[in-house]
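# Observations on chain architecture
Below are the chains, spelled out letter by letter.
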Amino acid sequence: MSDWRVRAVRASKRPFSRSVVRPVDSQPAPEHSMDPRPDQPVEPVTLERSVVDAAVYRDGLRIEAPTDLADIYRKLPDRPGTMAWIGLFRPAEAQLLEAADRFDLHELAVEDAIVAHQRPKLERYGDTLFVVLRAARYLDEAEEVDFGEIHLFVGPDFVLTVRHSQAPDLSAVRRRLEGDPELLALGPEAVLYAVLDAVVDGYAPVIAGLQHDIDEIETEVFGGDPQVSRRIYELSREVIEFQRATRPLLEIMRSLEAGFGKYGTDEELQRYLRDVADHATYAAERVDGFRQMLQNILTVNATLVSQRQNEEMKQLAEAGHAQNDEIKKISSWAAILFAPTLIGTVYGMNFEEMPELRWAFGYPFAVGLMALVCAGLYLVFKKRDWL
């Protein structure tokens, strides 16, 4: 095994950080024949388990359904206008290494495809393009965004697509192209355009779903839902991840457009690619807007939470103030009633030798003293607004 393949094998075994890509199903997608001629029986093929579909096209028409990569490789040389398109779903490392040998793929691109979990990018290795795309789809039941990853090797006479997720549905892309032979006849760049278009079109339902979630969050914020902060945080993470999928796509489209003249891209295909670039720009702008909206909503929510807390503190302070007033009143009356009780208690003691015990005016004096002390305390408390 060559040195670069050894490095690729080792790279595939390196640990990597957890990705937010959520694979929906660990099983490969069903294998279907994409031949648009349903009335004609298709011969069974012995393709590898991860090869979803493989075909050789000439002038936009499917002419072969090869059984393996070696068979495809034998059918391509010296046949102008012929192109092979192999679709792989989570392929084994050995299959990618075999494809690298057959189609002379660069070692760094193969290593990226083996390890996966790459950011969207476009790189050119000689006459082969290596493109990484991040697909997305909105899951209505879970109300969250599911992200996928797809790698494309686009050569002069072949396209190799490596999917690491269910989305996008490349079988639909293949059917679309096989239903339009004139477009498919434009070669591998037409396949690249169709895949780009499918990925970007898949962003539209995600944008609609995120907009719906943001509208719901706005209602919850002004409704005082205590759980809304957590939902804002979770949705912000999804929007940031979506932004990481859409923003690099603009650079990919600019790079493709810059190479139109140098690599002789068909004029009609140029128009199609510019249309995809417009849609990608729209998606990126909407995602940027969502992120700003969520930041504003988070700020508003923090302000509303502070206001509610201030109102609660104010209500607690008012309740405490009212309670203090009640305590003052109770304390004042207790003091007023305590004075005659004290005097009565002193004069009620059973002592033989007490001042004024046998005084004729002792009783009126005691009652008057009680009244005087009570009146004095009442006036003092009243002046201090305790009563």
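Keep in mind that this is a model prediction, so the values were computed, not measured.

On to the pairing of strand β3 (residues 82-89). Looking along a regular strand, one sees the side chains alternate between the two faces of the sheet. Burial runs high along β3: 8 of the 8 residues are buried. Both faces of β3 are covered, namely the face carrying Thr82, Ala84, Ile86 and Leu88 and the face carrying Met83, Trp85, Gly87 and Phe89. Relative to β3, strand β1 (residues 51-58) is paired through 7 bridges, and the arrangement is antiparallel. By the bridge assignment, Val56 is partnered in β3 with Ala84. The pairing of β3 with strand β7 (residues 158-163) spans 6 bridges and is classified as parallel. For Leu88, the partnering residue across the bridge sits in β7 and is Val162.

Okay, the side chain of Thr161 next. Mapped onto the elements, Thr161 comes out in strand β7. According to the relative accessible area criterion, Thr161 is buried, its value standing at 1%. Excluding residues that lie within four positions of it along the chain, Thr161 makes contacts with Trp85, Ile86, Gly87, Leu88, His151, Leu152 and Leu170.

Of the residues in the protein, 83% have a pLDDT of 70 or more, and the chain-wide mean is 80. Of all secondary-structure elements in the protein, the lowest mean pLDDT belongs to helix α1 (residues 3-12), at 40, while helix α7 (residues 188-201) reaches the highest, 94.

Here the focus is the pairing of β1. Counting buried positions over the 8 residues of β1 gives 7, a clear majority of the element. Here β1 runs beside strand β2 (residues 61-64); their pairing, made up of 3 bridges, is antiparallel. Paired with Tyr57 across the strands is Arg62, a residue of β2. Where β1 folds back on β2, the antiparallel hairpin that results is connected by 2 residues, among which Asp59 adopts a positive phi of roughly 55°.

On to the pattern of salt bridges, then. Throughout the structure, instances matching the rule amount to 18 salt bridges. Arg134 is the partner of Glu241 in a salt bridge, and the nearest nitrogen-oxygen pair spans 3.2 Å. Of this pair, Glu241 sits in helix α9 (residues 228-258) while Arg134 is found in strand β5 (residues 128-139), placing the two residues 107 residues apart along the sequence. Residue classification places Arg134 among the buried positions, given a relative accessible area of 7%. Through salt bridges that share partners, Glu143, Asp213, Glu216, Glu220 and Arg231 make up one connected network.

Strand order in the open sheet formed by 7 strands is β2-β1-β3-β7-β6-β5-β4, and the pairing between neighbours is mixed. Here the strands that pair on one side only, and so sit at the sheet edges, are β2 and β4 (121-125). Recorded for the sheet is a direction-independent mean angle of 25° between the axes of neighbouring strands. Sheet topology places β5 next to strand β6 (residues 144-154); 11 bridges connect them, and they run antiparallel. Residue pairing in the sheet places Ala135 in a bridge with Gly148 of β6. The strands that α7 touches are β3, β5, β6 and β7; relative to β5, the one it contacts most, it runs at about 25°. Packing of helix α8 (residues 203-223) onto the sheet brings it into contact with β5 and β6, and relative to β5 it is tilted by some 40°.

Along an α-helix, a turn takes 3.6 residues, which lines up residues three or four apart on a common side. Between its first and last C-alpha, helix α11 (residues 362-383) extends 31 Å over 22 residues, near the 32 Å set by a 1.5 Å rise per residue. Among the residues of α11, those classed as buried are Gly362, Ala366, Cys374 and Phe381. End-on, the buried residues of α11 take up no more than an arc of 110°, which puts them together on one face. Those residues of α11 that are exposed and angled more than 90 degrees off the buried face are Leu372, Leu379 and Lys383. Positive backbone phi, approximately 60°, marks Asp385, located one or two places after α11.

With that settled, consider the environment of Phe222. With respect to the helices and strands, Phe222 occurs in helix α8. For the pair formed by Phe222 and Ile297, sequence separation is 75 residues and the distance between their alpha carbons is 10.0 Å. Contact partners of Phe222, with chain neighbours within four places excluded, come to Val300 and Leu304.

Relative to each other, helix α3 (residues 93-103) and helix α4 (residues 107-115) sit at 160°, their axes nearing to 10 Å. As far as their axial angle goes, α4 and α3 are roughly antiparallel. In the packing of α3 onto α4, the handedness of the crossing is right-handed. Two secondary-structure elements touch here, α3 through Glu93, Leu96, Leu97 and Ala100 and α4 through Val110, Ala113 and Ile114. Class assignment of the residues belonging to the contact of α3 with α4 gives a composition of 6 nonpolar, no polar and 1 charged.

In this structure the tally under the stated criterion is 6 aromatic pairs. Summarising the aromatic geometry, the rings of Phe130 and Phe153 are spaced 4.8 Å apart at their centres and angled 35° between planes, so their arrangement reads as tilted. Placement of Phe130 in strand β5 and of Phe153 in strand β6 is noted, with a sequence separation of 23 residues between them. Residues Tyr203 and Phe242 carry aromatic rings whose centres are separated by 5.2 Å and whose planes lie at 75° to one another, so their mutual orientation is edge-to-face. Placement of the pair is Tyr203 in helix α8 and Phe242 in helix α9, with a sequence separation of 39 residues. As far as burial versus exposure is concerned, Tyr203 and Phe242 are alike and both buried. Above the plane of the ring of Tyr263 lies Arg124, whose end atom (NZ or CZ) is 3.6 Å from the centre. Over the face of the ring belonging to Trp85 we find Arg174, whose NZ or CZ atom lies 4.1 Å from the ring centre.

Rules used in this analysis
Residues numbered from 1 in each chain as written. Predicted model: local features only at pLDDT ≥ 70, side-chain atom pairs only at ≥ 80, totals over all residues. Heavy atoms only, no water. Buried < 20%, exposed > 50% of the residue type's maximum accessible area, 1.4 Å probe, protein only. Helix = DSSP H or I, 4+ residues; strand = E, 2+ residues; numbered from the N terminus. Pairing = 2+ DSSP bridges. Contact = heavy atoms within 4.5 Å. pLDDT = per-residue confidence, 0-100. Salt bridge = Lys/Arg side-chain N within 4 Å of Asp/Glu carboxyl O. Axes fitted to C-alpha atoms, helices over the stretch in contact; angles between N-to-C directions. Expected span 1.5 Å × (residues − 1). Arc of directions from axis to C-beta. Parallel < 35°, antiparallel > 145°, perpendicular 65-115°, else oblique. Left-handed = near helix turned anticlockwise from the far one by under 90°. Nonpolar A, V, L, I, M, F, W, Y, C, P; charged D, E, K, R; others polar. Phe/Tyr/Trp six-rings, centres within 6.5 Å; stacked < 30°, edge-to-face > 60°. Lys NZ or Arg CZ within 6 Å of the ring centre and 35° of its normal.

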